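Chain by chain, the residues run as shown.
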There are 2 protein chains.
Amino acid sequence: MSTFDAVELIRTKRDGGRLGDEAIDWLIRAYTDGVVTDEQMSAMAMAIFFRGLDATELTRWTNAMIDTGERMDFSSLSRPTVDKHSTGGVGDKITLPLAPLVAACGAAVPQLSGRGLGHTGGTLDKLEAIPGWRASLTNPEMLAQLESVGAVICAAGAGLAPADKKLYALRDVTATIESIPMISASIMSKKIAEGTASLVLDVKTGAGAFMKTLAQSRALATTMVGIGNAAGVNTVALITNMDTPLGRTAGNGLEVAESVEVLAGGGPADVVELTLALAREMLACAGIDADPAAALVSGKAMDAWKAMIRAQGGDPDAPLPVARHTEVVPAEADGYLSRMDAMAVGLAAWRLGAGRAVQGEQVQAAAGVTWHAAVGEPVQAGQPLFTLHTDTPERIERAKEALVGAVDYASAPPELRPVVLERISAES
Amino acid sequence: MSTFDAVELIRTKRDGGRLGDEAIDWLIRAYTDGVVTDEQMSAMAMAIFFRGLDATELTRWTNAMIDTGERMDFSSLSRPTVDKHSTGGVGDKITLPLAPLVAACGAAVPQLSGRGLGHTGGTLDKLEAIPGWRASLTNPEMLAQLESVGAVICAAGAGLAPADKKLYALRDVTATIESIPMISASIMSKKIAEGTASLVLDVKTGAGAFMKTLAQSRALATTMVGIGNAAGVNTVALITNMDTPLGRTAGNGLEVAESVEVLAGGGPADVVELTLALAREMLACAGIDADPAAALVSGKAMDAWKAMIRAQGGDPDAPLPVARHTEVVPAEADGYLSRMDAMAVGLAAWRLGAGRAVQGEQVQAAAGVTWHAAVGEPVQAGQPLFTLHTDTPERIERAKEALVGAVDYASAPPELRPVVLERISAES
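Residues numbered from 1 in each chain as written. Chains lettered and ligands numbered in written order. Predicted model: local features only at pLDDT ≥ 70, side-chain atom pairs only at ≥ 80, totals over all residues. Heavy atoms only, no water.

**Concerning the interface of chain A and chain B**
Short version of the rule: Residues are treated as being in contact if the distance between any of their heavy atoms lies within 4.5 Å. Throughout, buried area stands for the accessible area (probe radius 1.4 Å) lost by two parts on being put together, summed over both. Take a side-chain nitrogen of Lys or Arg and a carboxyl oxygen of Asp or Glu: if they are within 4 Å of each other, that pair is a salt bridge. Identification of polar contacts relies on pairs of N or O atoms within 3.5 Å, with a donor-acceptor requirement for protein atoms, meaning one able to donate a hydrogen and the other able to accept it, and with residues adjacent in sequence counted only if both atoms are side-chain atoms. Helix and strand definitions follow DSSP, with helices as H or I runs of at least four residues and strands as E runs of at least two, each counted in order from the N terminus.
Between chain A and chain B, the residue contacts involve 22 residues of the former and 22 residues of the latter. The junction of chain A with chain B conceals about 1,800 Å² of combined surface from both sides, 66% of it contributed by carbon and sulfur atoms. It is Arg14, Glu39 and Phe50 of chain A that lose the most area in chain A upon contact with chain B, and together they represent 34% of the buried surface on that side. Run the count over chain A and chain B and you get 4 salt bridges. Of the charged contacts in the structure, one is a salt bridge between Glu178 of chain B and Arg14 of chain A, with a shortest N-O distance of 2.7 Å. Between chain A and chain B we count 12 residue pairs in polar contact (both at pLDDT 80 or more) in total. Of all elements in the fold, only α1 (6-14), α3 (38-51) and α8 (162-172) of chain A reach the threshold of two or more residues within the side of chain A that touches chain B. Looking at the side of chain A that touches chain B, the element that brings in the most residues is α3 of chain A, giving 10 residues.

Next up, the structure:
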């Protein structure tokens, strides 16, 4: 491999130039090996924040990060593989009903997930509310489960794109997270390394999402779809509404319970709608002609859920943990709920113990927030609006503070955005 | 002192916001103490590269860097203090005749200097060509010499603005040197900490300077003049031409010899003109009504030079070292020299041994380049154009390579820019 001068490469990007293919390969490898220092990569990240990476640079950058680690191989499976990634939102438990639902329709869903940090919960934290369930699988265990059950939700191994892991930690402490090319490369490097044939992205937009505007979300979706298809992964994105939290619950065990409701054919309308929309995209990508709504009604999706939980040591029929303390927050006015601040709800759930402040911290399985009315619904002053759940009652005051001003009331039903706002594919 | 979040401050600057006074104080102190990491300061430096620092931020930033170290105090001197700083150019030996000249007129010139790195030579390296001369003085020695001789050229202690030292080293490896606010703060923090009452800046412009265009040089000069005057240092800048190297020599001992010629009333016209222009500005700043040209003619400037060299252990009458090998590079065509590439000449001198590639390396006292014709003068093909000087003849080939294409020939005398192009003061 050629050798480059890190300072020269930073200067090139800083001044609006392009990084060549070999320069990118060298940079990512040299950074992973510690030859390019953290302070140099941090300056490069800030230069990229301002100057961007074009499609060619981005594809190479993503591939270079993948090449620092292992690539999984699902080609031995008899089922077509299809995965889903969400950019993160409050109350976003969609992975839980979605993976078994799509598996029930014949696909293999290798959902390698992470833990939560900050106001959005982690999928693994949610499933760990189920007694006995374990997040860690070996690669052979994962393959076997994908063939037999069709769905795996497990911890991503450290072997996937280690350059991304190192770079993400650096970006986190240098205010260089908020860069569409680097966000895209980070997500897509892990998803491509994971070896899925198809991928459906759920790109959130709105007040509760990382991307606040439709234009930002569209740019992120388009960039990721471009990287995925360039790497041979059949990739489609839905841009979905995150003005308000999804469903009626935010918290680990609370969200598992809500997901089980959906798998039983019930559940909140927005969660059902988004689950089905993503399932249809995933099945289409995988070339499977099946109606996911029928799999909910028939109970096949629930069967796949139970099989998936059991395969990872969990008891799907065991009662979920219940919080030792609850407190009701009443509605303050009569009217239609016209706004519910997803960030505030997420923060309240986090403060109640559902999330962690630093990596490695324990989370409470039963902590979280439920809301008894959703945006668009009428409420009366004094009726229960939120219920707060926690094992540690001293957390309640600060959670309530987070919810001050979190909802608005209106005299008429508000205009609501649809759940799915746009679809971005390689053709769009 | 308040505590701030480094990531939040980087984000503020990245997004075009202002850093508050206390935030800047904290950042610089915390960086010096290692609380803010190198990777965070590097991201901040790149954000400043793109977003800049306004006049208020810059004054505070400079003061915060000064406050990490000692401030010198020359208030006990009977002479008014005035210093000069050049942004660096090839063949720029002006400090050598200038400091004793201004001292001979009654001022105290505390010229704290550095060593060279890269294609421009360091003032200390030049003076070390004089047998016995030493660059290191204690503060009491410096004060005594300023009172008795009026001029000191010595090594800046590590105690002045240590934050700048650390930040400069970081910027050097992260491609964040080329930022006018950060260059200005770096230079001015050291000059203000040095405790001079007045300061004249020689801001070079042109092909051989760091700032290639008049607009860039004007921006740098204006920014530095602003910082200096805001800090109570009477500061003026001259923007001077660096299209071509100054004088007829580039190299340590060679430039000392040329400086002595100027002090003896001779020397190249451009060196004399720039020395007198800067001397007049320095004397005006210091409130001294004297004619520096007369001090050259009378020999008073030469007396001050000899006293200055002797006070630091040097023998001003000892012969300067002579290179063991010389080689002549002839002119390739007839005509008027219309261009001489200062960078190429500086690079050739460096390759001959006059400069160092890494800090701490030894330099050759006698190595360098002399040119027998300057831009604007007629030459004939085959006449000596350059003489290369070195103690290590194996360096000659690569020096000659640096000079390939370094000059142009024209059939008529070229239009030349004046030596002094503009003057920038607090009023302009």
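There's more to say after this.
**A look at the side chain of Asp83 of chain A**
Structurally, Asp83 of chain A can be placed in strand β1 (residues 82-86). When sequence neighbours within four positions are dropped, the list of residues in contact with Asp83 of chain A reads Pro110, Gln111, Lys191, Glu194, Thr196, Ser198, Leu199, Val200 and Met282 of chain A.

**What to know about the nonpolar core**
Here is the rule: We call a set of buried Ala, Val, Leu, Ile, Met, Phe, Trp, Tyr and Cys residues a nonpolar core when their side-chain atoms join them within 4.5 Å. Three exposure classes are used, based on accessible area relative to the maximum for each residue type with a 1.4 Å probe and protein chains only: buried under 20%, partly exposed in between, and exposed over 50%.
If you look at the biggest cluster of nonpolar residues, it comprises 122 residues, and the most contacted ones within it are Met41, Met44 and Trp61 of chain A together with Met41, Met44 and Trp61 of chain B. In contact with Met41 of chain B, other than residues within four places in its own chain, are Leu27, Ile28, Tyr31, Val36, Trp61, Leu167 and Leu170 of chain B.

**Looking at the pairing of strand β4 (residues 198-205) of chain A**
All names here are of chain A. As a reminder of what qualifies: Only when DSSP finds a minimum of two bridges between them are two strands counted as paired. For crossovers, right-handed means that the path from the first strand over the helix to the second runs clockwise, given strands pointing away from the viewer.
Counting buried residues along β4, 8 of its 8 residues qualify, which places the element largely inside the surrounding structure. Here β4 shows a buried face lined by Ser198, Val200, Asp202 and Lys204 and a second buried face lined by Leu199, Leu201, Val203 and Thr205. Here β1 pairs with β4 via 5 bridges, running parallel. Considered in β4, the bridge of His85 is made with Leu201. Looking at chain direction, β4 and strand β5 (residues 234-241) are connected through 8 bridges and run parallel. Within the sheet, the bridge partner assigned to Ser198 lies in β5 and is Asn234. Each parallel crossover has a hand, and for β4 linked through helix α10 (residues 214-230) to β5 it is right-handed.

**Details of the sheet that holds β4 of chain A**
Pairing between the strands of a sheet is mediated by backbone hydrogen bonds and can be parallel or antiparallel. Residues and elements named next belong to chain A. What counts here: Helix axes use the C-alpha atoms of the stretch in contact, all axes being lines fitted to C-alpha atoms, and the angles between their N-to-C directions lie in the range 0 to 180 degrees.
Pairing is mixed in the open sheet, where 4 strands are placed in the order β1-β4-β5-β13. The open sheet has two free edges, formed respectively by β1 and β13 (420-424), since each of these has just one partner strand. Geometrically, the sheet is characterised by an average inter-axis angle of 20° between neighbouring strands, direction not taken into account. Its contacts with the sheet put α10 on β4, β5 and β13, and the angle it makes with β5 is roughly 165°.

**Let's talk about the relation of the copies chain A and chain B**
The line we're drawing: For the least-squares superposition of copies, only C-alpha atoms count, and only for residues with pLDDT at least 70 in both.
Superposition record for chain A on chain B: RMSD 0.0 Å, screw rotation 180°, translation along axis 0.0 Å. In symmetry terms, the pair is related by a two-fold rotation axis. Closest approach to the rotation axis within chain A is made by the C-alpha atom of Glu39 of chain A, at a distance of 2.0 Å.

**Quick word on the environment of Pro321 of chain A**
Residue and element names in this part refer to chain A. Checked against the element boundaries, Pro321 lands in the loop between α14 (300-311) and β7 (325-330). The class for Pro321 is partly exposed, based on a relative accessible area of 35%. Ignoring any residue separated from it by four or fewer positions in sequence, one finds Pro321 in contact with Ala129, Ala365 and Ala366.

**Some words on the sheet that holds strand β12 (residues 407-410) of chain B**
All names here are of chain B. Pairing in this open sheet of 3 strands is antiparallel, and the strands run β10-β8-β12 from one edge to the other. Of all strands in the sheet, those bounded by a partner on one side alone are β10 (378-379) and β12. Pairing analysis gives 4 bridges linking strand β8 (residues 335-340) to β12, with the strands arranged antiparallel. Residue pairing in the sheet places Tyr336 in a bridge with Ala410 of β12.

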